[in-house]
Amino acid sequence: MSTSSETTKCCAICAYPATSRCSGCGKVFYCSQEHQKTAWQKHKRLCKIYQRQAKGEEVAADSFCGLCGKTDGPLKKTACCKKTVCDDYGNYRPFSYGNDSCARNHDRYTRCCYHYNERHPGSDSVSCDQCSNSHDAEIEAWYMTNNFNFQDDIERATPPSFQPAQCSKCQRPMKLNCEAHSYGRDGHECQRCMAGLMGSTPASNIFAMDGIPVQMPGRR
Ligand SMILES: [Zn+2]
Ligand SMILES: [Zn+2]
Ligand SMILES: [Zn+2]
Ligand SMILES: [Zn+2]
Ligand SMILES: [Zn+2]
Ligand SMILES: [Zn+2]
Ligand SMILES: [Zn+2]
């Protein structure tokens with residue numbers, strides 16, 4: 001299956017190196033059981049579709065949302081890559097920072113849409129050098145491999161390896177892509193330290209607890 005030269009697979013939720021893969025379809029990777037559980041609600045329908053495809057069945061790409069596998073909702077094409085996704089911006093509650101909208105998740109938290117919005121040259125974000133130089137490695141790896149990306153792009157991605165981030169105040173390791181943190185004067189700060197420092201250091205780029213960054217992270 002994997003060779004030593006193969007790119008390390010990233011967890012679909014946090015982009016940390018994967019330690020397991022979905023046993024149903026074999027296509028999606030996770031760092032932990034916890035993140036596999038987190039992903040399952042959206043992956044379960046896709047998992048069945050991938051298994052049907054693996055048996056040779058033709059499943060029309062425009063018949064299901066490429067991010068959650070829904071077939072019955074209103075579907076639309078993304079602006080960036082013209083792929084089929086739920087037409088569901090209405091599911092997003094303003095300021096909730098939830099990830100209930102497939103269309104919005106792809107638009108906000110993927111390299112594909114970042115590349116499109118920044119008007120980088122070329123139509124393929126996967127091989128774009130400008131994209132690669134835009135964010136910290138941990139963030140970039142996530143933008144390329146999180147489950148708001150379409151599976152074919154994830155499989156082509158060559159995410160950078162990264163040193164897991166640490167809180168600049170207490171040195172606690174923290175997962176930038178799924179833990180609340182801020183980016184302050186001295187670097188990233190964990191939520192605990194942030195709370196203690198509120199009022200003295202203005203926190204910018206605050207991440208929401210549900211794992212979804214409030215702003216495009218890493219751009220500073
Ligand atoms: Zn993970
Ligand atoms: Zn699966
Ligand atoms: Zn969807
Ligand atoms: Zn796209
Ligand atoms: Zn780009
Ligand atoms: Zn801390
Ligand atoms: Zn950050």
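Rules used in this analysis
- Residues numbered from 1 in each chain as written.
- Chains lettered and ligands numbered in written order.
- Predicted model: local features only at pLDDT ≥ 70, side-chain atom pairs only at ≥ 80, totals over all residues.
- Heavy atoms only, no water.
- Pairing = 2+ DSSP bridges.
- Helix = DSSP H or I, 4+ residues; strand = E, 2+ residues; numbered from the N terminus.
- Core = buried A, V, L, I, M, F, W, Y, C linked by side-chain atoms within 4.5 Å.
- Buried < 20%, exposed > 50% of the residue type's maximum accessible area, 1.4 Å probe, protein only.
- Domains from an automatic or database assignment.
- Contact = heavy atoms within 4.5 Å.
- Donors = N, O, S within 2.8 Å, 3.2 Å for Na, K, Ca; no water.
- Tetrahedral: all angles 85-135°; square planar, octahedral: opposite > 155°, others 65-115°.
- Phe/Tyr/Trp six-rings, centres within 6.5 Å; stacked < 30°, edge-to-face > 60°.
- Lys NZ or Arg CZ within 6 Å of the ring centre and 35° of its normal.
- 1 Å grid on protein atoms, 1.4 Å probe; cavity = no way out; pocket = protein on both sides within 12 Å on 5 of 7 lines; lining within 4 Å.
- Points joined across faces, edges and corners; volume = space filled by probe spheres on them.
- Nonpolar A, V, L, I, M, F, W, Y, C, P; charged D, E, K, R; others polar.

The name given to the protein chain in an unreviewed UniProt entry is MYND-type domain-containing protein, with the source organism recorded as Exidia glandulosa HHB12029.

A.B. asks: Pulling in residues and values, what's your account of the pairing of strand β6 (residues 187-190)?
C.D. replies: Where strand β5 (residues 181-184) meets β6, four bridges bridge the pair, whose relative direction is antiparallel. Its bridge partner being in β6, Gly184 is matched across the sheet by Gly187. Count of turn residues in the β5/β6 antiparallel hairpin: two residues.

A.B. asks: I'd like a rundown of the nonpolar core, residues and numbers included.
C.D. replies: Most often, soluble globular proteins keep nonpolar side chains buried together rather than apart. Membership of the largest hydrophobic core comes to 33 residues, with the highest contact counts inside it found for Cys11, Cys14, Cys22, Cys25, Val28, Tyr30 and Trp142. When residues of this core are sorted by domain, at least three fall in each of domain 1 (20-156) and domain 2 (164-220). Look past the residues within four positions of Cys25 in its chain and what remains in contact with it is His43, Cys47, Tyr50 and Gln51. If you look at the next biggest cluster of nonpolar residues, it comprises twelve residues, including Cys68, Cys80, Val85 and Ala103.

A.B. asks: Let's hear about the coordination of the zinc ion (ligand 4): which residues, and what values?
C.D. replies: Looking at the zinc ion (ligand 4), one finds its protein donor set to be Cys80 (SG), Cys81 (SG), His106 (NE2) and Cys112 (SG), positioned 2.1 to 2.3 Å from the metal centre. Coordination at the zinc ion (ligand 4) comes from four donor atoms whose angles at the metal span 98 to 115°, giving a geometry best classed as tetrahedral.

A.B. asks: Go over the packing of aromatic side chains with me, naming the residues and quoting the values.
C.D. replies: Under the criterion given, the structure shown has five aromatic pairs. Measuring from centroid to centroid gives 6.0 Å for Tyr109 and Phe148, while their planes differ by 45°, and the two rings are tilted. Linking Tyr109 in helix α2 (residues 102-109) with Phe148 in the loop between α5 (137-145) and α6 (151-156), this pair joins segments that are 39 residues apart in sequence. In this structure, Tyr109 and Phe148 share a single accessibility class: buried. Where Trp142 meets Phe148, the ring centres are 6.3 Å apart and the plane angle is 80°; that geometry is what we call edge-to-face. There is no split in this pair, since Trp142 and Phe148 are both buried. The rings of Tyr109, Trp142, Tyr143 and Phe148 are connected pair by pair, giving a single aromatic cluster. Across the ring face of Tyr50, the terminal group of Lys27 is positioned such that the distance to the ring centre comes to 5.4 Å. In this structure, Lys175 packs its charged tip against the face of Tyr16, placed 4.4 Å from the ring centre.

A.B. asks: Explain empty space enclosed by the protein residue by residue, including any values.
C.D. replies: By the definition in use, this model includes two cavities of 30 Å³ or more. Approximately 50 Å³ is the volume attributed to the largest cavity. As for the largest cavity, its lining consists of Arg111, Cys112, Ser125, Val126, Met144, Asn149, Asp153 and Ala157. The class makeup of the residues in the lining of the largest cavity is four nonpolar, two polar and two charged.

A.B. asks: I'd love a proper account of the coordination of the zinc ion (ligand 3), names of residues and values included.
C.D. replies: Tetrahedral coordination by four donors places them ideally at 109.5 degrees to one another around the metal; octahedral coordination by six donors ideally gives 90 or 180 degrees. In the first shell of the zinc ion (ligand 3), the protein supplies Cys65 (SG), Cys68 (SG), Cys86 (SG) and Cys102 (SG), at 2.3 to 2.4 Å from the metal. Its four donor atoms give the zinc ion (ligand 3) angles of 100 to 120° at the centre, a pattern that matches the tetrahedral case. In primary-sequence terms, the residues that donate to the zinc ion (ligand 3) follow C-x2-C-x17-C-x15-C. Overall, the relative accessible area of 0% leaves Cys65 in the buried class.

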